[in-house]
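Structure assessment
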Amino acid sequence: MKGFGILLNYSVRRVRTLVLTMSVILGVFQVFLIVIAKSLQSTHAFEQIGALMPPFVREVMGPSFATFMSFGGMVTLGYFHLAVMGSLVGLMIALATLSTSEIEVGFMDLILSRPLARHRLLTRTVAIILLATMISLGMMILGTWVGLRTLAPRDVEWPSAHLIGSLALNLALLMLCWGAVALVIGSSVRRRAVAGGITGVLALTTFLLDYIARSWKPAESIAWISPFRYYSPLDLLMGLPLSSRNVVVLVGIALLGFGLSYLLFSRRDISH
Amino acid sequence: MNSPGNSRSAISIRGLTKRYGKLSAVKNLSLEVEPGEIFGFLGLNGAGKTTTIRILLDLLRPTRGQAFVLGCDCQTQGLEARSQIGYLPGEMGMFLDMNGQEVLRFLAGLERREVDPRYRQELQERLKLPDHDLNRRLREYSTGMKRKLGLIQAFQSDAPLLILDEPTEGLDPLMQESFYELLADVQKRGRTVFMSSHVLSEVERTCRRVALLRKGELALLSTVEEIGRLAPRRVRIFFSQEVNVHPEFPTGCQVMEMRPQEWCLRVEGMLGDLVNVLQGLPIKDLEVEEPRIEDVLMKYYREEVV
């Protein structure tokens, strides 16, 4: 265990700047959204923006549209904003391909020439993914809480803690899912850019598939393959509970991905 | 079924083959390295040296065959095998934002055996890499400094077996000298050294035995002494007066130059037969150059290129 502790410590030091910077930015982004929501609320602009929205946006958002066009709705946007989701998926890809970068640079040769089992390297990566997920979402929740406490107008209804918690949990599962996908790909290739590129393209494709399927019926038949289908913030906004099906699918993909990575990494040749 | 390695060997390689698709990087390689010896592993680029070394470290998985380190199967008992190895890779792949101290501390922490700080300090002094250099970021290191750092991390745990891939690549002549002294010292303390090298004079100086790989196959396995015996020697014969006879030279003798008062021959093997032929001639002086194993090894290299 001594070796693993040292490996984990070294790995945390390698990624800490990235994780902390990203987490702080996302936390500040939540505060920024509350500033915008407060401004819109004070100028009664939600109704005007709602009226300007094209019909297809209303169709995509369905009944959650009305809820979204409110102070509380705007505050929760920070948990499903495209930039936030993209950043978090990117963070997961960067962390999950840590071993791949060590192979590419050649540092893995020095690590694995020591009496350290290969599976410990993946356990280290999984631990870092979990830690980064907790830190980044923790900072987002902290940002929301601080923003609401200090900036929210007195006469508006805050989004419930349960809603924020459910959104964060669903987003965390989505992050773990993409972390696992990146880990599987990273365990099979030699170049970090290749692993990151493949995972990134896969994430973008499945995101677009899910997005298109929400307004274009023919795409719905294959939209189930998209992990984004199992992240449904608008349902949560409508007051529905976190779907157990979504949880099972995302956790399932994550577990399957992590398991497959262990298998692939234990069998692969380490060459750069 | 796994058969246990020769427990008396430091390294035991049996029928090792590594294929990448249709390309065979190593073909049916078998060799034994005895404990306490310095063993040279030679071959041109792409001959399969590094592939073999990487299999010993379980970084690569063999297509066929087995490799053992001090009796431990490198695959099935990889942790035990690697706990007895100090390894210097051919290229030191490191993150340039780390400093030397961090690299050494991190790698020492992954070892099972404790690193003696006094021994590490001694290595630093011998290789001229003081603490203030170790505290610098690796991006500021020269090629030679990186090599020194590589040597320190390989030697610092004082492992029973050292696997060194091109150890003197990038070292200046003074540091090479320090490295040879270090090798001699570790050998005195019973450590085994398995090193690949392109520098034939280095191999001649430091190794007791060598193996030469050619296109993944073992082309030569011998002691340096034996190779020296196989090596052709240049013999110069000076006569006190002009000699115009053309004797029939024994097998292994090749005339390089023939002047009335001086002959130059290239002789493979013993000189006895040549001396018999020269009897009766007015010999003034005889000059025999020391055999160089480079000449023998270069012959193998050239055959590979052809």
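Here is what the cut-offs are and how they apply
Residues numbered from 1 in each chain as written. Chains lettered and ligands numbered in written order. Predicted model: local features only at pLDDT ≥ 70, side-chain atom pairs only at ≥ 80, totals over all residues. Helix = DSSP H or I, 4+ residues; strand = E, 2+ residues; numbered from the N terminus. Buried ≥ 20, exposed ≤ 12 C-beta atoms within 10 Å, placed from the backbone. Rg over C-alpha atoms; globule rule 2.2 N^0.38 Å. Expected span 1.5 Å × (residues − 1). Arc of directions from axis to C-beta. Contact = placed C-beta atoms within 7 Å. Nonpolar A, V, L, I, M, F, W, Y, C, P; charged D, E, K, R; others polar. Domains from an automatic or database assignment. Pairing = 2+ DSSP bridges. Axes fitted to C-alpha atoms, helices over the stretch in contact; angles between N-to-C directions. Core = buried A, V, L, I, M, F, W, Y, C linked by C-beta atoms within 7 Å.

**Quick notes on the overall build of chain B**
A count of helical and extended segments in chain B gives eleven helices and 14 strands. Overall, chain B is about 75 × 50 × 35 Å in size when its C-alpha atoms are taken along their principal axes. Taking all 306 residues of chain B together, 39% fall into the buried category.

**Digging into the overall build of chain A**
Helices and strands together make up the secondary structure of chain A, namely 13 helices and zero strands. Written out in order from the N terminus, the α and β elements of chain A read α-α-α-α-α-α-α-α-α-α-α-α-α. The C-alpha radius of gyration of chain A comes to 20 Å, within 12% of the 19 Å expected for a compact globule of 272 residues. Referenced to the eigenvectors of the C-alpha coordinate spread, the extents of chain A come out at roughly 65 × 45 × 30 Å. Each of the 272 residues in chain A was classed as buried or not, and the buried ones make up 40%.

**As for helix H7 (residues 173-188) of chain B**
Side chains three or four residues apart in an α-helix point the same way, a direct result of the helix having 3.6 residues per turn. Residue and element names in this part refer to chain B. Under the 1.5 Å per step criterion, the end-to-end length of H7 is 23 Å for 16 residues, consistent within 8% with the ideal 22 Å. Within the span of H7, buried status applies to Met175, Phe179, Leu183 and Val186. Looking straight down H7, one finds that the buried residues subtend no more than 90° of arc, so they occupy a single side. Exposed and facing more than 90 degrees away from the buried side of H7 are Pro173, Leu174, Glu177, Glu181, Ala184 and Lys188. Buried residues along H7 sit against strand E3 (38-42), helix H6 (143-155), strand E7 (161-165), strand E8 (192-197) and helix H8 (200-206). Where H7 terminates, the next one or two residues include Gly190, which has phi positive at roughly 85°.

**Re the interface of chain A and chain B**
Between chain A and chain B, the residue contacts involve 20 residues of the former and 21 residues of the latter. Of all the elements in the fold, those that place two or more residues in the side of chain A that touches chain B are helix H1 (2-42) and helix H8 (107-112) of chain A. Of all the elements, H8(A) adds the most residues to the side of chain A that touches chain B, at five residues. Of the residues in the side of chain A that touches chain B, the class split is twelve nonpolar, five polar and three charged.

**Looking at the domain arrangement of chain B**
The domains assigned to chain B are domain 1 (11-227) and domain 2 (232-290). Centre-to-centre separation of domain 1 of chain B and domain 2 of chain B, based on C-alpha positions: 44 Å.

**Focus: the environment of His119(A)**
All names here are of chain A. Examined against the element boundaries, His119 turns out to sit in helix H9 (residues 118-151). The exposure class assigned to His119 is partly exposed, which follows from the 13 C-beta atoms found within 10 Å. Between the C-alpha atoms of His119 and Leu20, which are 99 residues apart in sequence, the distance is 26 Å. Non-local contacts of His119, meaning those with residues more than four positions away in its chain, are made with Tyr262 and Ser266.

**Some remarks on the sheet that holds strand E2 (residues 23-33) of chain B**
All names here are of chain B. Strand order in the open sheet made by the four strands is E2-E1-E4-E5, with antiparallel pairing throughout. Of all the strands in the sheet, just E2 and strand E5 (72-73) have a single pairing partner and so form its edges. Relative to E5, strand E4 (residues 64-69) runs antiparallel, the two sharing two bridges. If you follow Phe68 over to E5, its bridge partner there is Asp73. Sheet strands touched by helix H1 (residues 49-56): strand E1 (11-20), E2 and E4. Its angle to E1, the strand with the most contacts, is close to 115°.

**Topic: the pairing of strand E9 (residues 209-214) of chain B**
Residue and element names in this part refer to chain B. Counting buried residues in E9 gives five out of six residues, a clear majority hidden from the surface. Judged from the four bridges that link them, E3 and E9 form a sheet pairing that is parallel. Its bridge partner lying in E9, Phe39 is registered against Arg209. The pairing of E9 with strand E10 (residues 217-223) spans six bridges and is classified as antiparallel.

**Let's talk about unusual backbone geometry**
Only a minority of non-glycine residues have a phi that is not negative, and only a minority of peptide bonds are not trans. Residue and element names in this part refer to chain B. Of note, the phi angle at Leu70 is positive, near 45°, even though the residue is not glycine. The topology assignment puts Leu70 in the loop between E4 and E5. For Leu70, a count of 22 C-beta atoms within 10 Å gives the class buried. With a phi close to 50°, Glu166 is a non-glycine residue in the positive phi region.

**Quick notes on the nonpolar core**
Counting residues in each nonpolar core, the largest one holds 82 residues, and the members touching the most others are Leu56(B), Val69(B), Leu161(B), Leu162(B), Ile163(B), Val193(B) and Phe194(B). Among the elements that take part in this core, H6(B) stands out by supplying six residues, more than any other. Apart from the residues lying within four places of it in its own chain, the contact partners of Val69(B) are Ile11(B), Leu56(B), Cys74(B), Ala81(B), Gln84(B), Ile85(B) and Leu161(B). Core analysis: the next-biggest nonpolar cluster, separate from the first, contains 60 residues, Phe80(A), Ile128(A), Leu171(A) and Leu174(A) among them.

**Looking at the sheet that holds E10(B)**
Two pairing modes exist for strands in a sheet, parallel and antiparallel, and in both the strands are linked by backbone hydrogen bonds. Residue and element names in this part refer to chain B. Strand order in the open sheet formed by six strands is E6-E7-E8-E3-E9-E10, with mixed pairing between adjacent strands. The outermost strands of the open sheet, each flanked by one partner alone, are strand E6 (85-88) and E10. For this sheet, the mean angle separating the axes of adjacent strands, direction not counted, is 15°. As judged from the five bridges shared by E7 and E8, these two strands associate in the parallel manner. Pairing of Ile163 across the sheet is with Phe194, part of E8. Those strands touched by H7 are E3, E7 and E8, and its axis lies near 150° from that of E8.

**A short note on the environment of Asn99(B)**
All names here are of chain B. With respect to the helices and strands, the residue Asn99 is situated in the loop between E6 and helix H3 (100-109). Residue classification places Asn99 among the partly exposed positions, given that 19 C-beta atoms sit within 10 Å. Once the C-alpha coordinates of Asn99 and Glu166 are considered, the two residues, 67 residues apart in sequence, prove to be 23 Å apart. Those residues in contact with Asn99, other than ones at most four positions away along the chain, are Leu134, Asn135, Arg136, Arg137 and Leu138.

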